[in-house]
Amino acid sequence: MALPRLLARALHRVASAAAPAAPDFSSFVTRTNTCGELRSAHVGQKVTLYGWVQYQRQGLFLVLRDFQGLTQIIIPQDEAHSHVKELLSNAPVESVVRVTGIVSPRPLGQENPKMPTGDIEVKAETAEILNSCKKLPFEIKDFIKKSEALRMQYRYLDLRSFQLQSNLRLRSQMVMRMREYLCNLHGFVDVETPTLFKRTPGGAKEFLVPSREAGKFYSLPQSPQQFKQLLMVGGLDRYFQVARCYRDEGSRPDRQPEFTQEALAEYGTDKPDTRFGMKIMDISDVLRGSHIHFVQNALSYPHGSIKAICIPQGVRYLTNKDLESLKESAKSQFNQEIMQIIRRPDGRLKSLLTKFLGEKEQSELIRALNMQEDDVVLLAAGEHKQVCSALGALRLFSANLLEAAGLALRDPTAFHFLWVVDFPLFLPKAKNPTELESAHHPFTAPHPSDASLLYSDPTKVRSQHYDLVLNGNEVGGGSIRIHSAEQQRFVLEKVLKEDSEVLSHLIEALEFGAPPHGGIALGLDRLISLIVDAPSIRDVIAFPKSFRGRDLMGNAPDYVTPEELEPYHIQVSWPLEEKEAKKN
């Protein structure tokens, strides 16, 4: 019988049999318990614990910490155990120690309900310092503020913090649940695709990896995009993987413009936070008949408009300094002037604009914006997209200010998902607007209703691209792919002016009965950071890179010698200051 069949039968028998008792993997160590599991039921037992010294108080007791929790250790005060007292009293914080002792109930009134082990303590009998800790660069406490650069330089210490431990354990559990759901319930196959591949036209900039063949380089894939499609062609119609995506983008800002007109018009962004209102309102028609110069000037342009957002209870919760900071933000980030309008308790409006508006126009403005007493309106006039983008940013900025002042605006426990669709298939290149580039990637299929426009006016073609947004953050994106070799070749050669030979392997695969297919990629780091309310995705990654793509702990990237470069046929022209740094 063939070996694969034997293996399959063996696996089936194992899966079908009753699960045997789990082996005791701790039997080879002298630790009897973890620091998080002792309870009142263990009182009287002799235990051995290993952990880090969390803190020590006046030679009376210390708290021992491991991956499961904390246990209070009582330091003996009698002469017979003087050596234990001296050892534990002088053990530096974060030293690794072994303690053996008797589990005892804490004295009445000294229980700590905030600790799972708060009803007991361990009275130490013997102890050993397994590794002493030198002076720390920062305290291992979540409430101690540390610079991000320092945290990343000593990441192995930062990982000991409760928050990072919690984040990484939750991440592990989520990935496990994800695999169980996809594989066990829906028949997906987990396939690991190659890390070394070749350059892909369009999309993010890729890292190059030299090979030993002169002039030839690998690329680290910005996503497993092509392999996804090739797996579909190969009949693995339900595939997934937790993939690493390498993008040499450094500190480049998000270059994706606000595609979707509805989202842009109402929220000023293509990834709106819909947990609160304050939508952008178009009041062009209300003010069209006014004699306000900047209003008429804005409306004279083809895409000119007058828009506003209404900040509820802005007078009560925002200071004059807050309002000025909102205006300054719009000016510095978007070169957009902002006018403010306040509705007083008597119902009248307070603004520099009111002297140009009659009673009827003011009433129409109040009605159009649904202004209540003490509301503040921020008004902007100008080109549609600029005005919407500026007000969209002010909408989020003012929400942060309102919440900081005590107004509950967004439910932190709510998860508001939405799909963003109808993206354009192509966009003008920033450096040369007469040429086009893919808005998503060159493999995205055109919208079926716009397929004919691909050959006559590609700038008007919508794509079958979709983004998933959660609480104002893009957490995933995907598309239906081109499955026609002829159409894929046309997009590459005629629209994008790319050399299709670079993708000859993919185009040829599409000629062998490729089915219609599509997919989606979720940003696991971003999704988990939102769930744990982390300020940065670096707080859910064990060993992250800095904003500039550097590893501050290992000092990577680093210099290599000419001898190490020689097999790759590479020579480097070192700038003078780098030559000196390399010598040192």
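Counting starts from 1 at the beginning of each chain's written sequence and moves along it residue by residue. Local features in a predicted model are, by the rule used here, given only for residues with pLDDT of at least 70; side-chain atom pairs are given and counted only at 80 or more, and totals for whole chains, interfaces and linings are based on all residues. Only hydrogens and water are set aside; all other atoms, that is, all heavy atoms of the structure, feed into the side-chain values.

Only protein chains enter the accessibility calculation, which uses a 1.4 Å probe; a residue whose area is less than 20% of its type maximum is buried, one above 50% is exposed, and one in between is partly exposed. Here a helix means four or more residues in a row that DSSP labels H or I, a strand means two or more in a row labelled E, and each is numbered from the N terminus. Within helix H15 (residues 485–495), the full set of buried residues consists of Ala485, Gln487, Gln488, Val491, Leu492 and Val495. Any two residues having at least one pair of non-hydrogen atoms within 4.5 Å are treated as being in contact. Contacts from the buried residues of H15 go to strand S16 (426–428), strand S17 (436–438), helix H14 (453–456) and helix H16 (504–510).

On to helix H11 (residues 320–334). Each turn of an α-helix holds 3.6 residues, which means side chains three or four residues apart point in the same direction. Take the residue count of a helix, subtract one, and multiply by 1.5 Å to get its expected span. With 15 residues, H11 should reach 21 Å at 1.5 Å per residue; the first-to-last C-alpha distance of 21 Å fits that figure. Looking at the packing, one finds that the buried side of H11 touches strand S11 (304–311), helix H10 (314–317), strand S12 (339–343), strand S14 (376–383) and helix H13 (384–404). Trailing H11 by a residue or two, Asn335 shows a phi angle of about 55 degrees, which is positive.

Cavity: a set of points on a 1 Å grid over the protein atoms alone where a 1.4 Å probe fits but cannot get out. Pocket: an open set with protein on both sides within 12 Å along at least five of seven lines, its lining residues, like those of a cavity, having an atom within 4 Å of a point. Grid points are joined across faces, edges and corners, and a volume is the space filled by probe spheres set on the points. Space inside the second largest pocket adds up to approximately 720 Å³. The wall of the second largest pocket is formed by 25 residues, among which Gln54, Arg65, Leu70, Arg160 and Phe162 lie closest to the centre. Counting residues per element, the lining of the second largest pocket draws most heavily on helix H5 (residues 162–186), which supplies 4 residues. Each residue is assigned to one class: nonpolar for Ala, Val, Leu, Ile, Met, Phe, Trp, Tyr, Cys and Pro, charged for Asp, Glu, Lys and Arg, and polar for all the others, Gly among them. By residue class, the composition of the lining of the second largest pocket is 10 nonpolar, 8 polar and 7 charged.

In this section: empty space enclosed by the protein. For the coordinates displayed, the defined rule picks out 2 cavities of 30 Å³ or more. Reported here for the largest cavity is a volume of approximately 50 Å³. Taken together, Met152, Arg155, Phe543, Pro544, Asp551 and Met553 make up the lining of the largest cavity. What the second largest cavity holds in volume is close to 30 Å³. If you go around the second largest cavity, the residues you meet are Phe423, Pro424, Leu425, Ser438, Ala439, His440, His441, Thr444, Ser463 and His465. Within the lining of the second largest cavity, the residues separate by chemical class into 4 nonpolar, 6 polar and no charged.

The term salt bridge refers to a side-chain nitrogen of Lys or Arg lying within 4 Å of a carboxyl oxygen of Asp or Glu. According to the stated counting rule, one finds 28 salt bridges in the structure shown. Note that Lys279 and Glu266 form a salt bridge whose closest N and O atoms lie 3.7 Å from each other. Here the residue Lys279 occupies a position in the loop between helix H7 (261–267) and strand S10 (281–282), and Glu266 occupies one in helix H7, the gap between them amounting to 13 residues. Given the relative accessible area of 26%, Glu266 is considered partly exposed. Each of Arg151, Arg155, Asp158 and Asp539 takes part in a single network of salt bridges with overlapping partners.

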